[in-house]
Amino acid sequence: MGCCYSSENETTEQDPDERKPLIPHPNPVSKPPNGTDWITTSVPSARTDEQALLTSILTKTAQNIIDVSAADSVMMEQHEYMDKARQYSTKLAVLSNSLPQKKALALPSLTSQPHQVLASDLVPYSDVQQVSKIAAYAYSAISQIKVDAKEELVVQFAIP
């Protein structure tokens, strides 16, 4: 169903309900929205090709977008929801067990004799001042970074 390591052309045996969308498409592509037959007009072939290409792009876009506003109208029974959650959890557990487990790395040891590092001379005060000055300069530079908005972040699709 949409794992980050799955592929669309996977040929393993799957439950038929696994690929079934949770939210049905509100406007099926197979028939026009108003229920009448499509009306074709006689236009030049170049314009027809452009219109057909635009229609195919809009159709693909409409199929790939999940309309969350339609989620309120579709109600799943609680047992259906629980069954789907159990299926997904089982599938996730099977897939996560098949992945190689990474061992947590210990912090690297910088020295084998830390008592010598702690007993050494302190860092000169001029070095501390220099590091503080560079850090203040970096903070000043970072605080002056501004983002200029060039266009809208959310775009509305005009899907018929």
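Residues numbered from 1 in each chain as written. Predicted model: local features only at pLDDT ≥ 70, side-chain atom pairs only at ≥ 80, totals over all residues. Heavy atoms only, no water.

1. Some remarks on the overall build of the protein
Using the following cut-off: Each helix corresponds to a stretch of at least 4 residues labelled H or I by DSSP, and each strand to a stretch of at least 2 residues labelled E; elements are numbered beginning at the N terminus. In what follows, a contact means two residues having at least one pair of non-hydrogen atoms within 4.5 Å. Areas reported here follow the Shrake-Rupley algorithm with a probe of radius 1.4 Å; residue values treat only the protein chains shown as occluding.
Scanning the protein from N- to C-terminus turns up four helices and zero strands. The helix and strand sequence of the protein, counted from the amino end, reads α-α-α-α. Of all intrachain contacts in the protein linking residues separated by at least 6 positions in sequence, the fraction that spans at least 24 positions is 81%. For the protein, the computed accessible surface area is about 15500 Å², with 60% contributed by carbon and sulfur atoms.

2. Concerning a nonpolar patch on the surface
This is how the line gets drawn: In this scheme, patches are assembled from residues that exceed 30% relative accessible area and form no salt bridge. Like charges are connected within 9 Å, while nonpolar side chains (Val, Leu, Ile, Met, Phe, Trp, Tyr) are connected within 5 Å. Whenever a carboxyl oxygen of Asp or Glu lies within 4 Å of a side-chain nitrogen of Lys or Arg, that contact is scored as a salt bridge.
Taken together, the side chains of I65, F157 and I159 define a hydrophobic patch exposed on the protein surface, amounting to about 270 Å² of accessible area. Looking at the element boundaries, I65 is found in the loop between α1 (45-64) and α2 (78-98).

3. Side note on the pattern of salt bridges
Put simply, the test is: Whether a residue is buried, partly exposed or exposed follows from its accessible area with a 1.4 Å probe, protein chains only, as a fraction of its type maximum: under 20%, in between, or over 50%, in that order.
Counted by the stated rule, this structure contains one salt bridge. Here R86 and D83 are joined by a salt bridge, their closest N and O atoms 3.0 Å apart. Of this pair, R86 and D83 both sit in helix α2, separated by three residues, roughly a single helical turn. For R86, a relative accessible area of 49% puts it in the partly exposed group. Relative accessible area serves as the criterion here: at 37%, D83 is assigned to the partly exposed category.

4. Quick word on the confidence of the model for the protein
Note the cut-off: pLDDT measures how confident the predictor is about each residue, on a scale from 0 to 100.
Averaged over every residue, the pLDDT of the protein is 75; residues scoring 70 or more account for 66%. When mean pLDDT is compared element by element in the protein, helix α4 (residues 125-143) scores highest at 96, while helix α3 (residues 114-119) scores lowest at 83. For the stretch residues 33-38, pLDDT sits under 50, and the model shows four contacts to residues farther than four places along the chain or on other chains.

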